[in-house]
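Chain residues, written in single-letter form:
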Amino acid sequence: MQNLCPRFEKAMGLLSTRWVGLILFELLNGAKRFSEMEADLPISGRLLSDRLKLLEKEGIVERNIYSEFPVRIEYSLSDKGKTLEPVIKEIQRWANDHITPEESENQEA
C-alpha cells in the first residue's frame with residue numbers, strides 16, 4: 001500500500017490545483033478554443049494558459065493546431081484525460097448532494 005501513497009498524493013495535488021477541475025469539467029463537453037474557455041471561466045488568460053500547459057505536460061489535455069487562416073487552436077482531453085470523466089462527475093454528484101447553494105456562493109475568490 002505504501003507504493004500508492006506518492007501516486008495518490010500527486011494525483012490529488014494535480015486535481016486540487018486551482019482551476020484545474022473547472023478546466024477539465026469544461027473540456028468534458030468536447031474540444032474548446034482558448035477564447036471560449038477564457039469567456040466561460042472566471043480566470044485570467046495568463047492563468048488559463050499556465051494551467052493548460054500543466055495539463056498538456058501531464059498528458060491530460062491535447063493542444064490541436066488546425067492549418068486554417070487564421071490558424072485555429074483547440075484544446076481537448078486526451079485519452080488519459082477522458083478517464084477522469086467518472087471522477088469529475090462523481091465529485092459533481094457529491095457537491096450537488098452535500099454543498100448548499102449558500103456554501104458555494106461563500107467560497108473564497
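Coordinates for the structure precede this section.
Rules used in this analysis
- Residues numbered from 1 in each chain as written.
- Predicted model: local features only at pLDDT ≥ 70, side-chain atom pairs only at ≥ 80, totals over all residues.
- Heavy atoms only, no water.
- Buried < 20%, exposed > 50% of the residue type's maximum accessible area, 1.4 Å probe, protein only.
- Helix = DSSP H or I, 4+ residues; strand = E, 2+ residues; numbered from the N terminus.
- Arc of directions from axis to C-beta.
- 1 Å grid on protein atoms, 1.4 Å probe; cavity = no way out; pocket = protein on both sides within 12 Å on 5 of 7 lines; lining within 4 Å.
- Points joined across faces, edges and corners; volume = space filled by probe spheres on them.
- Pairing = 2+ DSSP bridges.
- Contact = heavy atoms within 4.5 Å.
- Axes fitted to C-alpha atoms, helices over the stretch in contact; angles between N-to-C directions.
- Salt bridge = Lys/Arg side-chain N within 4 Å of Asp/Glu carboxyl O.
- Core = buried A, V, L, I, M, F, W, Y, C linked by side-chain atoms within 4.5 Å.
- Parallel < 35°, antiparallel > 145°, perpendicular 65-115°, else oblique.
- Nonpolar A, V, L, I, M, F, W, Y, C, P; charged D, E, K, R; others polar.

Caption draft 1: Inspection of helix α2 (residues 20–27) at higher detail. Looking at α2, one finds that the buried residues are Val-20, Ile-23, Leu-24, Glu-26 and Leu-27. Looking straight down α2, one finds its buried side chains confined to an arc of 155°; they lie on one side.

Caption draft 2: Quick peek at the layout of surface pockets. There is about 160 Å³ of room inside the second largest pocket. What lines the second largest pocket is simply Lys-10, Ala-11, Leu-14, Leu-15, Glu-58, Ile-60, Lys-80, Thr-83 and Leu-84. Element by element, the count of residues in the lining of the second largest pocket is highest for helix α1 (residues 4–15), at four residues.

Caption draft 3: Geometry of the sheet that holds strand β2 (residues 61–66). In spatial order, the strands read β1-β3-β2; together these three strands make up an open sheet with antiparallel pairing. Two strands lie at the open edges of the sheet, namely β1 (32–33) and β2, each paired on one side alone. Sitting on the sheet, α2 is in contact with β1, β2 and β3 (72–77), with an inclination near 105° to β3.

Caption draft 4: Structural context of the pattern of salt bridges. In this structure the tally under the stated criterion is seven salt bridges. Close ionic contact of Asp-40 with Lys-32 constitutes a salt bridge, the shortest N to O distance being 3.0 Å. Using a relative accessible area of 15% as the deciding quantity, one classes Lys-32 as buried. A salt bridge links Glu-85 to Lys-89, with the nearest nitrogen and oxygen atoms 3.0 Å apart. Of this pair, Glu-85 and Lys-89 both sit in helix α6 (residues 85–98), four residues apart, which is roughly one turn of that helix. By relative accessible area, which is 39% here, Lys-89 ends up partly exposed. One continuous salt-bridge network, built from bridges that share partners, spans Glu-26, Lys-32 and Asp-40.

Caption draft 5: Structural view of the nonpolar core. By size, the foremost hydrophobic cluster in this structure holds 19 residues, and its most contacted members are Ile-23, Leu-24, Leu-55 and Val-61. For this core, the secondary-structure elements that each account for two or more residues are α2, α4 (45–57) and β3. Of the residues forming this core, the biggest block, four residues, is contributed by α2. Residues within four places of Leu-24 in sequence aside, it is in contact with Leu-15, Leu-55, Ile-60, Val-61, Leu-77, Leu-84 and Ile-88.

Caption draft 6: Layout of the pairing of β2. Pairing between β2 and β3: six bridges, direction antiparallel. Residue pairing in the sheet places Glu-62 in a bridge with Ser-76 of β3. Adjacent in sequence and paired antiparallel, β2 and β3 are bridged by five residues.

Caption draft 7: Fine view of the packing of α2 against α4. It is the contact of α2 with α4, at a shortest axis distance of 10 Å, that shows an interaxial angle of 75°. In terms of orientation, α2 and α4 fall into the roughly perpendicular class. On the side of α2, the interface is formed by Val-20, Ile-23 and Leu-24, while α4 contributes Leu-48, Arg-51, Leu-52, Leu-54 and Leu-55. A class-by-class count of the residues in the contact of α2 with α4 yields seven nonpolar, no polar and one charged.

Spatial relationships are all this shows, so hold off on functional conclusions.
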